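# Structural characterization, general
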Amino acid sequence: MVSFNVEKIREDFPTLNQQVNGKTLVYLDNAATTHKPKYVLNAIKDYYEKYNANPNRGAHYLGVSATEFYESSREKVRQFINAKSAREIIFTRNATEALNLIAYSYGLKYIEEGDEIVVLISEHHSNIVPWQKIVQIKNAKLKYIYLNEDYRLDMEEVRRKITDRTKIVSLAQMSNVLGTVYPVKEIAEYAHSKGAIVIVDGAQSVPHMKVDVLDLDADFLVFSGHKMLAPMGIGVLYGKEELLEKMPPFLMGGDMIEYVEEQTTTFAELPRKFEAGTPNVEGAVGLRAAIEYIEKIGFENIQKQEENLTAYALERLKEIPYVKIYGPLDMKDRGAVISFGLEGCHPHDVSTIVDSYGVALRAGHHCAQPLMKYLKAPATSRISFYFYNTKEEIDIFIDSLSKVRKWLGYGS
Amino acid sequence: MDLNELYTELILEHSQSGHNKRHLKDANCTERGHNPSCGDDITLELVCSEDGTIKDASFTGIGCAISQASTSMMIDLIKGKSKEEAETLADIFLSMIKKEITDDEELEVLEDAIVFKNISNMPARVKCAVLSWHTLKEAIKKGA
Ligand SMILES: Cc1ncc(COP(=O)(O)O)c(C=O)c1O
Ligand SMILES: [Zn+2]
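Quick summary incoming for the structure in this document. As the structure is a computational prediction, the values presented were derived from the model and not from experiment. (Residues numbered from 1 in each chain as written. Chains lettered and ligands numbered in written order. Predicted model: local features only at pLDDT ≥ 70, side-chain atom pairs only at ≥ 80, totals over all residues. Heavy atoms only, no water.)

### Regarding the overall build of chain B
What counts, and what does not: Strands are runs of DSSP state E lasting at least two residues, helices are runs of H or I lasting at least four, and both sets are numbered from the N terminus onward. In this treatment the radius of gyration is a C-alpha quantity, and the globule benchmark scales as 2.2 Å times the residue count to the 0.38 power. Three exposure classes are used, based on accessible area relative to the maximum for each residue type with a 1.4 Å probe and protein chains only: buried under 20%, partly exposed in between, and exposed over 50%. Whether two residues are in contact is decided by their heavy atoms, any of which lying within 4.5 Å being enough.
When its secondary structure is counted, chain B shows six helices and three strands. Radius of gyration (C-alpha) of chain B: 14 Å, near the 15 Å computed for a compact globule of 144 residues. Along the three orthogonal principal directions, the C-alpha set of chain B runs to about 45 × 30 × 25 Å. Among the 144 residues that make up chain B, the fraction classed as buried is 51%. Here the contacts in chain B between residues at least 6 apart in sequence split such that 57% fall between residues at least 24 apart.

### So, the pairing of strand E17 (residues 380-384) of chain A
All names here are of chain A. Defined as follows: Pairing between two strands is assigned when DSSP locates at least 2 bridges connecting them.
Along E17, five of the five residues are buried, which leaves the element largely enclosed by surrounding structure. The side-chain alternation of E17 yields two buried faces, one formed by Thr380, Arg382 and Ser384 and the other by Ser381 and Ile383. The sheet contact formed by strand E14 (residues 337-342) and E17 spans four bridges and is antiparallel. Across the sheet, residue Val337 finds its bridge partner in E17, namely Ser384. Bridging between strand E16 (residues 362-364) and E17 involves three bridges; their strand directions are antiparallel. Paired with Arg362 across the strands is Arg382, a residue of E17.

### Side note on the pattern of salt bridges
Let me state the cut-off plainly: Salt bridges are identified by distance alone: a Lys or Arg side-chain nitrogen within 4 Å of an Asp or Glu carboxyl oxygen.
Inspection of the entire model under this criterion finds 39 salt bridges over all chains. Across the pair Arg74 of chain A and Glu71 of chain A runs a salt bridge whose closest N-O atoms are separated by 2.8 Å. In this pair, Arg74 of chain A and Glu71 of chain A both sit in helix H3 (residues 61-80), three residues apart, roughly one turn of the helix. For Arg74 of chain A, a relative accessible area of 0% puts it in the buried group. For Lys137 of chain B, the salt bridge identified is with Asp91 of chain B, shortest N-O distance 2.5 Å. Here Asp91 of chain B lies in helix H4 (residues 83-97) and Lys137 of chain B lies in helix H6 (residues 126-141), a separation of 46 residues in the sequence. Three or more residues joined by partner-sharing salt bridges are found here, namely Arg87, Glu241, Glu245 and Glu269 of chain A.

### Thoughts on the sheet that holds strand E4 (residues 89-92) of chain A
Residue and element names in this part refer to chain A. Counted only if it meets this: Only the stretch in contact is used when fitting a helix axis, every axis being a line fitted to C-alpha atoms; angles between N-to-C directions are given from 0 to 180 degrees.
Ordered by their spatial adjacency, seven strands build an open sheet running E4-E10-E9-E8-E7-E5-E6, and the pairing between neighbours is mixed. At either margin of the open sheet sits one strand with a lone partner, and together these are E4 and strand E6 (141-145). Averaged over neighbouring strand pairs, the angle between their axes works out to 20° when direction is ignored. Across three bridges, strand E8 (residues 197-201) lies against strand E9 (residues 220-224) in parallel orientation. Residue pairing for E9: Asp201 is matched across the bridge by Val222. Most of the contacts of H3 go to E4, to which it runs at about 115°, and overall it touches E4, E9 and strand E10 (235-239).

### Here we look at the interface of chain A and chain B
We count it as follows: Values labelled buried area give the accessible surface lost by two parts on being combined, using a 1.4 Å probe and summing over both. Nitrogen and oxygen atoms within 3.5 Å of one another constitute a polar contact, given that in protein one can donate a hydrogen and the other can accept it, and given that sequence-neighbouring residues count only through two side-chain atoms. Side-chain classes follow a simple rule in which Ala, Val, Leu, Ile, Met, Phe, Trp, Tyr, Cys and Pro form the nonpolar group, Asp, Glu, Lys and Arg form the charged group, and the remainder, Gly included, forms the polar group.
Taken residue by residue, the interface counts 17 residues in chain A and 20 residues in chain B. Buried surface at the junction of chain A and chain B, both sides included, amounts to about 1,300 Å², of which 60% is carbon and sulfur. Viewed at the interface, chain B and chain A are joined by one salt bridge. Asp349 of chain A is the salt-bridge partner of Arg125 of chain B, the closest N and O atoms lying 2.8 Å from each other. At the junction of chain A with chain B, the criterion picks out six residue pairs in polar contact (both at pLDDT 80 or more). Elements with a contribution of two residues or more to the side of chain A that touches chain B: helix H12 (347-355) and E16 of chain A. Considering each element in turn, the side of chain A that touches chain B owes the most residues, four residues, to H12 of chain A. For the side of chain A that touches chain B, the residue count by class is eight nonpolar, eight polar and one charged.

### Brief notes about the site of ligand 1
Residue and element names in this part refer to chain A. What counts, and what does not: Throughout, the term near means that a residue has one or more heavy atoms lying within 4 Å of the molecule or strand in question. All accessibility values rest on the Shrake-Rupley procedure with a 1.4 Å probe; residue burial counts only the protein chains present in the view.
Around ligand 1 lies a shell formed by Asn94, Ala95, Thr96, His124, Ser126, Asn176, Asp201, Ala203, Gln204, Ser224, His226 and Lys227. For ligand 1, a nitrogen atom lies 2.5 Å from a polar atom in the side chain of Asp201. Here His226 contributes a side-chain N or O atom positioned 2.7 Å from an oxygen atom of ligand 1. For ligand 1, whose free accessible area comes to 400 Å², the fraction covered by protein is 88%. Taken together, the residues that form the shell around ligand 1 break down as two nonpolar, eight polar and two charged.

### Considering helix H7 (residues 184-193) of chain A
Residue and element names in this part refer to chain A. As a reminder, the rule being used: The directions considered for the arc run from the helix axis to the C-beta atoms.
Every buried residue of H7 is listed here: Val184, Ile187, Ala188, Tyr190 and Ala191. On an axial view of H7, the arc spanned by its buried residues comes to 165°, and they lie on one face. Exposed residues lying more than 90 degrees from the buried face of H7 are Glu189 and Ser193. Buried positions along H7 lie against helix H6 (155-161), strand E7 (166-172), E8 and helix H8 (213-216). Trailing H7 by a residue or two, Gly195 shows a phi angle of about 85°, which is positive.

Right, here's the structure in full:
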């Protein structure tokens, strides 16, 4: 394991080293998006300064180079998630687009009347709304797996909800609200035994832990580059080759075709069948650089740092009276996301007040309204860490949080 | 805009006293307004008489201090006014927020609600301040 020096790492991130509202920025909204290291920014700049062309078209030098860049990024992603073949890696805009691709291509073709699609109650809207649409079109059923008191999942409940009629089980490996990391491998095994396919939303897990699609036996995995140091606008869909092969294209147009006649078209091979139009080469280049950067630091270091930060933050939050934490209170199967409420204070006000101390956190429903309803919390505040955060930042946050109730007119 | 300007005594008093926060038994018009993105969710209740006077008004629901205070101030203001007058006040309030009206004399009619004059310096909170006023306009449009 290489040594880990957070101060040194922070020098790589220009946006982290700035003042906001006259205070040093404390960025605790990494579940929304992460900041970008110079290594990633330079890779993109370099690409535009030296290459910049449409991949897959034209035989000129720049075009060939762009294709190489684009395809080597795909290969990097393949290796990163341990897929068997680069044909199984489709670039999308983000996790949301990848989930829509699966819903519209696989869902519309293979879901039939009376079939069931099962998700967790804690899913992000991007893993709920497309399925609502599919079950509506197909007269199928969308079912929810609920959570225990401790915000974890009971395999009993999983076995109750996944039945012989279940065709798709789609779940986030880690909740973006609760921080819970779910036993995806175990769930996948059970789902497969019932004949269902499993879609893993890795938006919150892939940036923080080693995700191995073969080990999980995931049929599909989706994630977004921007939550893992890469630019916005690049995301990944992994799918098992035999599934992708039998799925119809999602978007039609250039790049995804083989021969186009006046009335008919044959489609390109994987992965291009699913990548219509000029792709986001800049994003792919940035994603490759981001993966290289993450690998240089190493997941062992990343997880250790995030665990230290999360355990410390949980401990300090428990010190503050009036705080209620929505999510597991100990570190077992838990990621670096903590949602909380402060009695008598609306998350919106909490966010404004801590922002004046330089602290960026998220307030609201976190794109998980069904979960909010289930928790009976109209909104929560959320802090979320990445490996570049520090204990000192948590101290600043706790300090600012402890002042919120005073600002809102409470005695303490 | 700093916190002292935002969380003034007046705003905190309105958001916490809850003197306008209750159900009206004989409400003949209710209108829900919400900001899904931040979780402010209020329902405005009005008792309107035949001649178009707002005889009583209240609200229920949840939200941040800004949305709750703005709602409460608005209710104090519109009680006893005609629907037309209430709508005009809502328009003046919204124009103030957009900085279309800046003259304090012109804004005097808003009474306490004038404290939100500078909320546009805090773009993230504008929606909270205007929620109830839009809800009022909606209620009147639907023929409260
Ligand atoms: C668990 C989860 N899934 C999906 C998404 C959607 O990501 P994107 O908006 O990048 O498509 C998010 C983003 O917040 C998320 O946290
Ligand atoms: Zn609000």
